[in-house]
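Letter by letter, the chains look like this.
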Amino acid sequence: LAAAAAWKHITPEKFYVEACDDGADDVLIIDRVSTEVTLSVKKDIPPSAVTRPIFGILGTIHLVAGNYLIVITKKKKIGEFFNHVIWKATDFDVLSYKKTMLHLTDIQLQDNKTFLAMMNHVLSMDGFYFSTTYDLTHTLQRLSNTSPEFQEMSLLERADQRFVWNGHLLRELSAQPEVHRFALPVLHGFITMHSCSINGKYFDWILISRRSCFRAGVRYYVRGIDSEGHAANFVETEQIVHYNGSKASFVQTRGSIPLYWSQRPNLKYKPLPLINKVANHMDGFQRHFDSQIIIYGKQVIINLVNQKGSEKPLEQAFATMVSSLGNGMIRYLTRNLLLDRLAGFGMRMFIQICFSYFLVDPAGAVLSNQEGVFRSNCMDCLDRTNVIQSLLARRSLQAQLQRLGVLHVGQKLEEQDEFEKIYKNAWADNANACAKQYAGTGALKTDFTRTGKRTQLGLIMDGWNSLIRYYKNNFSDGFRQDSIDLFLGNYSVDELESHSPLSVPRDLKFLALPIIMVVAFSMCIICLLMAGDTWTETLAYVLFWGVASIGTFFIILYNGKDFVDAPRLVQKEKID
């Protein structure tokens, strides 16, 4: 178990973290000078210490000014999960070990301020969840296949490291098993829980999306896979039903097309995706699916990218790689092939033929295992992917509820109006959470997920979200990517390095050309508003400034990649 809550006591020399569990006497002491971490008891806390309540330690980070302690200061109860309380962390505090910044130069002060802004940016992102008594990082099926030794481990030791977003921040506490109860694994993604009723029978319905911290980042700067086979925007989504002690689970995954490809922003609305022509795609591709098969079993790939236009080469390359690999554990379906399969078998039968689901009775006996997963993807693994995942999950849920006796034979889930509203809104909220974390805005097509049809308001909201995505992807995602890289430990701050990556000067044209374009366009408008007696002279001025503004605009567009906000901390070859 982890400490349920704590008091944080601060003196100029030390941080004291006091566990507030019943009967607990442990106190974690962090020396602010030597950074040493030790265990003690409550009587060692000085009476003069400044005391504040906290709800867990997120970890520590080293920045230019030295070490910082990050703690959870606010939380919100999401619900109870088999008598375990699940919390969302809603606010944090970043505390410096140092009592003064006088040891820093002006440049170091500015860099430290920027790094702190990056940390606070990640901490302000919605979707950090934790439990002090339950392992949120594993599916029900994985937890059922564990040894007694595994059950005795601390939450930090036993956690699936793919989904521990503060793993890097906890590295110092991880090295000392005696302080593990103060180290709280935190999940990033989405969790919702609902108590539902159908036919007068009450059950809990839970949806969990676990976002991987491997190859994490933002939409256009993190695509494809890395050399270890980790896919960008990889999310494991589990749907759980709890009824009369029986528990059922259905798991799906999503992740970027597992090839070496990129799609860097360049001011165009939809940048052209580029497949790396020299990389050994099969090596990374095989690593990816070898690990997926070990963890989940059989794979049914649902590739939802368009089979024409700029997405077509990726679809063809994906299909070719699956065929070349020749692994009988992998099946490949495009959107059209999926529709054909569903027309032939029906959605429910198709899911049962492929994998079934995990089911355990009240006594703990496993009645069925899920033998594989649907791995869905579109370009972003967001909007189209969420729609198809919600459809597959609904069919699996219907089979589970019928087997558990909640639904009568012949009853359809779609006919249960009250539950359908809960179900659709939850999946739409899941779509929004995943989209905000990766693309910076809510998901598109959520009107279809919520109502089953496209609406005029939904189309307007899609247009607005697309506009916001365009701006963020081009003008703020570099900072967002740097923030995530710093938080996850992909970049480590070295205060002794002579050349800070934050001090790289912008190319002069980055500032000059947009200013010229704005001035030229403004002069064009002013000439029209202040037309003189002779239209010939006015027209000449308008043409001059109009050509200048349009010409500058096309120069900027042609050199688009030089005007976007690009990451500065991690070198491109580590991202591409």
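Refer to the structure printed above.
Because the structure is a prediction, the values reported are computed rather than measured.

1. Topic: the overall build of the protein chain
Next up, step 1: Counting secondary structure elements, the protein chain contains 17 helices and 20 strands.
Next up, step 2: Relative to its full complement of 576 residues, the protein chain shows a buried share of 54%.
Next up, step 3: In the protein chain, of all internal contacts separated by at least 6 residues, the share reaching a separation of at least 24 is 66%.
Next up, step 4: As presented, the protein chain carries roughly 25,900 Å² of accessible surface, and 57% of it is formed by carbon and sulfur atoms.

2. Topic: the side chain of Ser96
Next up, step 1: Summarising the element assignment, Ser96 is placed in strand E8 (residues 84-96).
Next up, step 2: One polar contact links the side chain of Ser96 to the main-chain amide nitrogen of Lys98, over a distance of 3.0 Å.
Next up, step 3: Excluding residues that lie within four positions of it along the chain, Ser96 makes contacts with Phe15, Arg32, Asn67, Tyr68 and Met101.

3. Some thoughts on a nonpolar patch on the surface
Next up, step 1: Side chains of Phe521, Ile525, Ile526, Leu528, Leu529 and Met530 sit close together on the surface and give an oily, nonpolar patch of about 640 Å² of accessible area.
Next up, step 2: Counting through the fold element by element, Ile526 comes out in helix H15 (residues 508-529).
Next up, step 3: Accessibility expressed as a relative area gives 40% for Ile526, which makes it partly exposed.

4. Notes on helix H10 (residues 383-404)
An α-helical turn contains 3.6 residues, so a residue and the one three or four places further along point in the same direction.
Next up, step 1: Taking 1.5 Å per residue as the helical rise, H10 with its 22 residues ought to reach 32 Å, and the 31 Å between its terminal C-alpha atoms agrees with that figure.
Next up, step 2: For H10, a buried count of 19 out of 22 residues is recorded, marking the element as mostly surrounded by other parts of the structure.
Next up, step 3: In the segment just after H10, Gly405 is the residue with positive phi, at about 90°.

5. Focus: the packing of helix H6 (residues 281-296) against helix H7 (residues 312-325)
Next up, step 1: Between H6 and H7, whose axes approach to 11 Å, the crossing angle comes to 75°. Classed by the angle they form, the pair H6 and H7 counts as roughly perpendicular. Contacts from His281, Met282, Phe285, Gln286 and Phe289 in H6 reach Phe318, Met321, Val322, Ser324 and Leu325 in H7.

6. Points about the packing of aromatic side chains
Next up, step 1: Under the criterion given, the structure shown has 15 aromatic pairs.
Next up, step 2: Note on Phe81 and Phe82: the rings are 4.6 Å apart at their centroids and 40° apart in plane angle, and the pair reads as tilted.
Next up, step 3: Accessibility expressed as a relative area gives 17% for Phe82, which makes it buried.
Next up, step 4: An angle of 70° between the planes, with centres 5.4 Å apart, marks the rings of Phe318 and Tyr332 as edge-to-face. Residue Phe318 is found in helix H7, and its partner Tyr332 is found in strand E17 (residues 330-334); the two are separated by 14 residues along the sequence.
Next up, step 5: In textbook terms, an aromatic cluster arises when at least three aromatic residues are bridged by ring pairs, as seen for Phe203, Trp205, Phe419, Tyr423 and Trp427.
Next up, step 6: The aromatic ring of Phe82 is capped on one face by Lys247, whose charged end is 4.7 Å from the ring centroid.

7. Considerations on empty space enclosed by the protein
Next up, step 1: Using the criterion set out here, one finds 3 cavities of 30 Å³ or more in the structure.
Next up, step 2: In this model, the largest cavity occupies a volume close to 70 Å³.
Next up, step 3: Surrounding the largest cavity, Tyr129, Phe130, Ser131, Tyr134, Asp135, Leu136, Thr137, Leu155, Pro185, Val186 and Leu187 form its lining.
Next up, step 4: When the residues that make up the lining of the largest cavity are grouped by side-chain class, the tally is 8 nonpolar, 2 polar and 1 charged.

8. Re the nonpolar core
Next up, step 1: Formed by 56 residues in total, the largest nonpolar core has its most connected members in Phe81, Phe203, Trp205, Leu401 and Phe419.
Next up, step 2: Among the elements that take part in this core, H10 stands out by supplying 7 residues, more than any other.
Next up, step 3: Excluding its chain neighbours within four sequence positions, the residues that come into contact with Phe81 are Ile86, Tyr134, Met193, Ile206, Ile208 and Ile240.
Next up, step 4: In this structure, Trp87, Phe128, Val186 and Cys213 belong to the second largest nonpolar core, which totals 40 residues.

9. Topic: the environment of Arg450
Next up, step 1: Note that Arg450 resides in helix H12 (residues 446-451).
Next up, step 2: Between the C-alpha atoms of Arg450 and Asn425, which are 25 residues apart in sequence, the distance is 5.3 Å.
Next up, step 3: With sequence-adjacent residues up to four places away left out, Arg450 is seen in contact with Lys424, Asn425, Ala428, Asp429 and Asn432.

10. Focus: the pairing of strand E2 (residues 14-19)
Side chains on a regular strand alternate between the two faces of the sheet.
Next up, step 1: Of all the 6 residues making up E2, 5 are buried; the element is thus mostly covered by neighbouring parts of the structure.
Next up, step 2: By the bridge criterion, 5 bridges tie strand E1 (residues 6-10) to E2 in an arrangement that is antiparallel. Counterpart to Ile10 in the pairing with E2 is Phe15.
Next up, step 3: Where E1 folds back onto E2 in an antiparallel hairpin, the turn is made up of 3 residues.
Next up, step 4: With 5 bridges connecting them, E2 and strand E3 (residues 26-31) associate as antiparallel partners. Across the sheet, the residue bridging to Tyr16 is Ile29, located in E3.

11. Details of the environment of Ile225
Next up, step 1: Relative to the elements of secondary structure, Ile225 occurs in the loop between strand E11 (201-211) and strand E12 (235-243).
Next up, step 2: Separated by 36 residues in the primary sequence, Ile225 and Trp261 place their C-alpha atoms 7.9 Å from one another.
Next up, step 3: Residues in contact with Ile225, not counting those within four places in the same chain, are Arg215, His230, Ala231, Ile257, Pro258, Leu259, Tyr260, Gly284 and Phe285.

12. Details of the sheet that holds strand E5 (residues 50-54)
Sheet strands pair by backbone hydrogen bonding; their relative direction is either parallel or antiparallel.
Next up, step 1: The antiparallel open sheet is built from 5 strands, whose spatial order is E4-E3-E2-E1-E5. Strands with a single pairing partner mark the edges of an open sheet, and in this sheet they are strand E4 (37-41) and E5. Adjacent strand axes in the sheet meet at a mean angle of 25° when their direction is disregarded.

13. So, unusual backbone geometry
Next up, step 1: Although it is not a glycine, Phe82 sits at a positive phi angle of roughly 55°.
Next up, step 2: By the element assignment, Phe82 lies in the loop between strand E7 (66-81) and E8.
Next up, step 3: We note that Asn244 has phi near 50°; this positive angle belongs to a residue other than glycine.

14. A look at the packing of H10 against helix H11 (residues 417-438)
Next up, step 1: Running from N to C, H10 and H11 point in directions that differ by 145°, and their axes come no closer than 10 Å. Between H10 and H11 the crossing geometry is right-handed. On the side of H10, the interface is formed by Asn386, Gln389, Ser390, Ala393, Arg394 and Leu397, while H11 contributes Phe419, Glu420, Tyr423, Lys424, Trp427, Asn430 and Ala431.
Next up, step 2: Residue composition of the contact of H10 with H11, grouped by class: 6 nonpolar, 4 polar and 3 charged.

15. A look at helix H14 (residues 477-488)
Next up, step 1: With 12 residues, H14 should cover 16 Å at 1.5 Å per step; its first-to-last C-alpha distance of 16 Å lies within 8% of that length.
Next up, step 2: Across the 12 residues that make up H14, a large majority, 11, are buried.
Next up, step 3: Among all positions of H14, only Asp477, Gly478, Arg480, Gln481, Asp482, Ser483, Ile484, Asp485, Leu486, Phe487 and Leu488 are buried.
Next up, step 4: Elements in contact with the buried residues of H14: strand E6 (57-63), helix H1 (106-124), H11 and helix H13 (456-475).
Next up, step 5: A positive backbone phi angle near 85° is found at Gly489, which sits one or two residues after H14.

Conventions and cut-offs
Residues numbered from 1 in each chain as written. Predicted model: local features only at pLDDT ≥ 70, side-chain atom pairs only at ≥ 80, totals over all residues. Heavy atoms only, no water. Helix = DSSP H or I, 4+ residues; strand = E, 2+ residues; numbered from the N terminus. Buried < 20%, exposed > 50% of the residue type's maximum accessible area, 1.4 Å probe, protein only. Contact = heavy atoms within 4.5 Å. Areas by Shrake-Rupley, 256 points an atom, 1.4 Å probe, with all protein chains shown as cover. Polar contact = N/O pair within 3.5 Å; in protein donor to acceptor, adjacent residues only side chain to side chain. Patch = residues over 30% accessible without salt bridge, like charges linked within 9 Å, V, L, I, M, F, W, Y side chains within 5 Å. Salt bridge = Lys/Arg side-chain N within 4 Å of Asp/Glu carboxyl O. Expected span 1.5 Å × (residues − 1). Axes fitted to C-alpha atoms, helices over the stretch in contact; angles between N-to-C directions. Parallel < 35°, antiparallel > 145°, perpendicular 65-115°, else oblique. Phe/Tyr/Trp six-rings, centres within 6.5 Å; stacked < 30°, edge-to-face > 60°. Lys NZ or Arg CZ within 6 Å of the ring centre and 35° of its normal. 1 Å grid on protein atoms, 1.4 Å probe; cavity = no way out; pocket = protein on both sides within 12 Å on 5 of 7 lines; lining within 4 Å. Points joined across faces, edges and corners; volume = space filled by probe spheres on them. Nonpolar A, V, L, I, M, F, W, Y, C, P; charged D, E, K, R; others polar. Core = buried A, V, L, I, M, F, W, Y, C linked by side-chain atoms within 4.5 Å. Pairing = 2+ DSSP bridges. Left-handed = near helix turned anticlockwise from the far one by under 90°.

Geometric descriptors of this kind do not, in isolation, establish any biological role.
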